[in-house]
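Observations on the model geometry
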Amino acid sequence: MSRTKASKYQTFARAIRREAPQRRLSPPVAADHPPAVETPLDGYSRVVVTAVEQVGPAVVRVHPFRADGAVEGVGSGVIVAPDGLVLTNSHVVRGASLVGLRTQDGRELRARVIGDDPDTDLAVLRAESETVLPHAQLGDSKTLRPGQLVVAIGAPLGFDATVTAGVVSALGRSLRGERGRMIEDLIQTDASLNPGSSGGPLVDGAGRVVGVATAIIVGAQGLCFAIAANTAAWVMGELLQHGRVRRGALGLVAQQAALPRDLARAMGLSHPFGVWIAGLDPQGPGRAAGLETGDLLTAVDGRPLRGLDDLLRALGPESIGRAMRLEAIRQGRRFEVTVTPRERTPERRLEALA
C-alpha cells in the first residue's frame, strides 16, 4: 500500500472516531432481583396490616359461663384500658356473672361483668390479670366518613383473630333493640361479620376503635352494623360510675299513633304522628301530672314528638328529676302539663313504660 493511501485511511479512521457517539454501558441488573413496583394494593394492605398489629393483641374471645359452670355461646371483645376493661355486647354476656376470655396469644383469663345495657347492646367486663394487658384506644366515631376504610377483628364461629376489611357504608343508622328501644347512631359497614364476631372492634386506618360490632341482617350481604365508639364511651362511663345506664321514665304505656289530618290541621300541627298513651302507672310521674289514658302527646319542651322514639330520646339521664313540659291533645283540645321524670328501674319493660 502506498504511503499516500495509508495516510488517507488513517485520517478517515480518526474522523469516524470523533463523530461516533460515546456509548455508556448500564450496570447489569440481577435477574433474581427485579425492581420494586408500587401498586395500589400495597398501600391498602399497609393500612389493614397496621390496624391489625395495633389492635389485634387487645381483641379477646368471650365465653360466658352458666350458673352450673358450663360455657354458653361465644363472642368477641376488645380490651380498652390497661387494667383490663373489656367492651363487648350485652347479648353476648346477658345473664352471666362470670366470663372466660381467651387472648390472641392464647392466655385464658376470667372476667366479671361490671354492667350491661341491653338498650345499646353494650357490656363492660373487668378481666382478672396480674400483668398489664395490651389495650386499644377508643377513637372519635364522629370523624368517620362514608367510604372510609375500616377493619373488623373478632372470633366468628370461634375462629380467633379473624380479620375482615371493608368500608363505612353509612352513618347514623338506627335499629330496634331486643327490648324495643332504638339503638341509634350505628355505623353500617360491609366488613363481614358472622356469629361470634359480636362485640369485636371496628377499627379505622389509624388503629383506633371506632365501633363495636353488634348485628348483621340475615340474608342481606354486606349489611353489618357497629355501635359508634362515642356511644360506647358514654355507656362505659355510666356503667363504671353507676353500675347501670340511667334513663328517665314517666310511667306511661305508650305507642306511636297517627294524627288524623283534620285534627292536625285544626291543632296547627305539621307532623303526622304523635305518642298515644295506652296506660299509666298509678304511682308514676305522668299520672301525678294529670295525664290520662287516651291522651295524645305532641311535643316535649317545644320539640315535636313524631313517635315513641322521640319521647324515649328525651328521657336520657339528664331528664331525671328535671321538670319537662309536655304538650298533648285530649278530646280535641290542646293542653300542657309539667312532669318530672324519675329514674327508670331495671325491672320495668321498656316497650311498655316510657
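Scroll up to find the structure this text is about.
For the structure given in this document, a descriptive report is provided here. (Residues numbered from 1 in each chain as written. Predicted model: local features only at pLDDT ≥ 70, side-chain atom pairs only at ≥ 80, totals over all residues. Heavy atoms only, no water.)

1. Here we look at helix 4 (residues 229–242)
As a reminder, the rule being used: Secondary structure counts use DSSP, requiring at least four H or I residues in a row for a helix and at least two E residues in a row for a strand, with both numbered from the N terminus. Here a helix's expected span is defined as the number of its residues, less one, multiplied by 1.5 Å. Burial classes follow relative accessibility: with a 1.4 Å probe on protein chains only, a residue under 20% of its type's maximum area counts as buried, one over 50% as exposed, and anything between as partly exposed.
A rise of 1.5 Å per residue sets the reference length of helix 4, with its 14 residues, at 20 Å; its end C-alpha atoms lie 20 Å apart and thus fit the reference within 8%. Within helix 4, the full set of buried residues consists of Ala 229, Thr 231, Ala 232, Val 235, Met 236, Glu 238 and Leu 239. Downstream of helix 4 by one or two residues, Gly 243 has phi in the positive range, about 80°.

2. Remarks on the sheet that holds strand 1 (residues 59–64)
Heads up, the condition is: Strand pairing is defined by DSSP finding a minimum of two bridges between the two strands. Comment: axis = line fitted to C-alpha atoms, over the contacting stretch for helices; angle = value between 0 and 180 degrees taken between N-to-C directions. When checking whether two residues touch, look at their non-hydrogen atoms; a contact exists if any pair is within 4.5 Å.
The strand order around the closed barrel formed by 6 strands is 1-2-3-6-5-4, and the pairing between neighbours is antiparallel. Adjacent strand axes in the sheet meet at a mean angle of 40° when their direction is disregarded. Across 5 bridges, the pairing between strand 4 (residues 98–102) and strand 5 (residues 108–117) is antiparallel. The partner of Leu 98 across the bridge, within strand 5, is Arg 112. Most of the contacts of helix 4 go to strand 6 (residues 122–128), to which it runs at about 60°, and overall it touches strand 3 (85–88), strand 5 and strand 6.

3. Brief notes about unusual backbone geometry
For Asp 185, which is not glycine, the phi torsion reads 60° and is therefore positive. Locating Asp 185 in the fold gives a position in strand 10 (residues 182–189). Accessibility expressed as a relative area gives 25% for Asp 185, which makes it partly exposed.

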